[in-house]
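Observations on the model geometry
Read off the chains here:
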Amino acid sequence: MSTTISLDVERLRQDFPILAREVKPGVPLVYLDSTATSQKPRSVIRAMDDFYQRSNANIHRGIHTLAEESTAYYESAREKVAEFIHSPSARQIVFTRNTTESINLVSYAWGRKYLNPGDTVILTEMEHHSNLVPWQLLAAEKNLKLEFIPVTPDGLLDLEVYDSLLRLQPRLVAFTHMSNVLGTINPAKEIIRLAHDFGAITLIDGAQSVPHFSVNVQDIDADFLAFSAHKMCGPTGIGVLYGKRNLLEDMPPFMGGGDMIKRVHLHSFSPNELPHKFEAGTPAIAEAIGLGSAIDYLTSVGMDQIAEYEHQIIEYVLERLEEIPGVEVFGPPSKYKGGVASFTLKGVHPHDVSQILDSEGVAIRAGHHCAMPLHEKFNLPATARASFYLYNTFSEVDQLVNAIYKVKTIFRV
Ligand code: PLP
């Protein structure tokens, strides 16, 4: 077993009530599906509960104590997000529903204004559907060309091909910071620097990066960054779009309605200031407060400590999985990887693996993980995926491995 563990994981686990549950009598939960959604600490659950018990009111429109309180909490959550990703200003933090909506916001508002027939958009072969389909829709509507940075057999982006694709003078490079299948952490700063050298705007899908390591939008010079609260110990129903101020200022609103306007006449309106211009209608207020609380939680643990711990855990996971005959793990070596291990077991469908693991309490995911093109590339109909977060232990890795041996026994492989 690996050594220097920098987190007191056993103590951290006490913060997550769900981790104490049994899946069935006598079978404790081993939750290895945080890439799909993370579990929530008590402090986040309590922050949302407190809001509903004490301060619930709609924001921005009321001149009464509760409305003022809820507005202050909502806007303070925005400040926390800004600080967390080192945004120069909270005005550049737009609350959306999730990563998917953030990316769609850019494709609708920025893409429809600035992309023209014949323009090139560069994506990668390892994208989640949420960073593929919005661009496919726009490409069909505007006759754009989509080009893809290939994935090498060992699960890295082929940056030499990227360099040659840049010579097509793309308008946009949109890529995932960390693959939800391979676990690959892509060199965002370098990808962005090269894109900027060729005059392209960049969008980072940060759904798997922001929850797991420190992301500094100013350091990497990100133009747009999208992520979801529910993958970072926060609630579902709220996500974030960060954008550079000039880009957000120049984009038309995405949706029309209350709150996104300054003035409305029968035949016209003037849009509100940033970020409200992009937040039409009553937003997810309690969820924003939950996200703020999740950021407090992650910050108190320390993002660098979380990243380091996950690195230790994935090294151990790879070591243990690779010793099981018939198991093939996809993706790069641990050096380039976050806490995700997608694998197959020869002779057993990943759904069967997942089902038997579930009977042992081990929750993993099986399927294409919303990355069908990547699975097609590796000629795989599906994979089994175990993913790890700050609350997972080395002993849970052992339980995963023991459960896979049980699958082997049952299937005689
Ligand atoms: N991008 C990546 C890399 C993801 O892993 C996910 C979710 O799994 C998403 C985007 C979509 O996130 P959401 O469903 O929260 O919009």
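See the structure printed just above.
**Digging into the overall build of the protein chain**
- On a plain count of helices and strands, the protein chain comes out with 14 helices and 17 strands.
- Over its C-alpha trace the protein chain gives a radius of gyration of 22 Å, about what one expects of a compact globule, namely 22 Å for 413 residues.
- Summarising its shape, the C-alpha atoms of the protein chain cover approximately 70 × 55 × 35 Å along the three principal directions.
- By residue count, 57% of the 413 residues in the protein chain fall in the buried class.

**Description of unusual backbone geometry**
- Of note, the amide linkage connecting L274 to P275 takes the cis form, showing an omega dihedral of -5°.
- In this structure, P275 sits in the loop between β12 (269–271) and α10 (285–301).
- Of note in the backbone geometry, H86 takes a positive phi value of approximately 65° without being a glycine.
- Relative to the helices and strands, H86 resides in the loop between α3 (65–84) and β4 (93–96).

**Structural notes on the site of the ligand**
- Taken together, 14 residues surround the ligand, and among them T100, D205, Q208, S228 and K231 come closest.
- Between the ligand and the protein, one listed contact pairs an oxygen atom with a side-chain N or O atom of T100 at 2.5 Å.
- H230 is positioned with one of its side-chain polar atoms (N or O) 2.7 Å from an oxygen atom of the ligand.
- Burial of the ligand by the protein amounts to 88% of the accessible area it has alone, namely 390 Å².

**Some details on the side chain of T152**
- Position of T152 among the secondary structure elements: in the loop between β6 (145–149) and α6 (159–166).
- What makes T152 buried here is its relative accessible area of 18%.

**Focus on helix α12 (residues 350–359)**
- Along α12, the residues classified as buried are P350, V353, S354, I356 and L357.
- Against the buried residues of α12 lie β14 (340–345), β15 (362–363), β16 (365–367), β17 (383–387) and α14 (394–411).
- Looking one or two residues beyond α12, the residue adopting positive phi is G361, at roughly 90°.

**Topic: a nonpolar patch on the surface**
- A contiguous nonpolar patch, built from I410, F411 and V413 and spanning about 240 Å² of accessible area, is present on the exposed surface.
- With respect to the helices and strands, V413 occurs in the segment after α14.
- Residue class for V413 comes out partly exposed when judged on its relative accessible area of 39%.

**Section: helix α4 (residues 99–114)**
- Helix length check: α4 (16 residues) gives 21 Å between terminal C-alpha atoms against 22 Å at 1.5 Å per residue, within 8%.
- Within the span of α4, buried status applies to T99, E101, S102, I103, N104, L105, V106, S107, A109, W110 and G111.

**Brief notes about the sheet that holds β14**
- The four strands lie next to each other as β13-β14-β17-β16, forming an open sheet whose pairing is antiparallel. The sheet terminates laterally at β13 (327–330) and β16, the two strands that pair on one side only. Neighbour-to-neighbour, the strand axes of this sheet turn through a mean angle of 30°, independent of strand direction.
- Across the sheet, helix α11 (residues 303–322) is in contact with β13 and β14; its angle to β14 comes to roughly 10°.

**Quick word on the sheet that holds β6**
- Strand order in the open sheet made by the seven strands is β4-β10-β9-β8-β7-β5-β6, with mixed pairing throughout. Two strands lie at the open edges of the sheet, namely β4 and β6, each paired on one side alone. Strand-to-strand twist across the sheet, computed as the mean angle between neighbouring axes with direction ignored, equals 20°.
- Here strand β7 (residues 172–176) runs beside strand β8 (residues 201–205); their pairing, made up of five bridges, is parallel. The residue of β8 that forms the bridge with V173 is T202.
- Contacts between α6 and the sheet are confined to β5 (120–124), β6 and β7, with β6 contributing the most and set at about 155° to the helix.

Each value, and the rule that gives it
- Residues numbered from 1 in each chain as written.
- Predicted model: local features only at pLDDT ≥ 70, side-chain atom pairs only at ≥ 80, totals over all residues.
- Heavy atoms only, no water.
- Helix = DSSP H or I, 4+ residues; strand = E, 2+ residues; numbered from the N terminus.
- Rg over C-alpha atoms; globule rule 2.2 N^0.38 Å.
- Buried < 20%, exposed > 50% of the residue type's maximum accessible area, 1.4 Å probe, protein only.
- Near = heavy atom within 4 Å.
- Polar contact = N/O pair within 3.5 Å; in protein donor to acceptor, adjacent residues only side chain to side chain.
- Areas by Shrake-Rupley, 256 points an atom, 1.4 Å probe, with all protein chains shown as cover.
- Contact = heavy atoms within 4.5 Å.
- Patch = residues over 30% accessible without salt bridge, like charges linked within 9 Å, V, L, I, M, F, W, Y side chains within 5 Å.
- Salt bridge = Lys/Arg side-chain N within 4 Å of Asp/Glu carboxyl O.
- Expected span 1.5 Å × (residues − 1).
- Pairing = 2+ DSSP bridges.
- Axes fitted to C-alpha atoms, helices over the stretch in contact; angles between N-to-C directions.

Geometric values such as these leave the question of function open.
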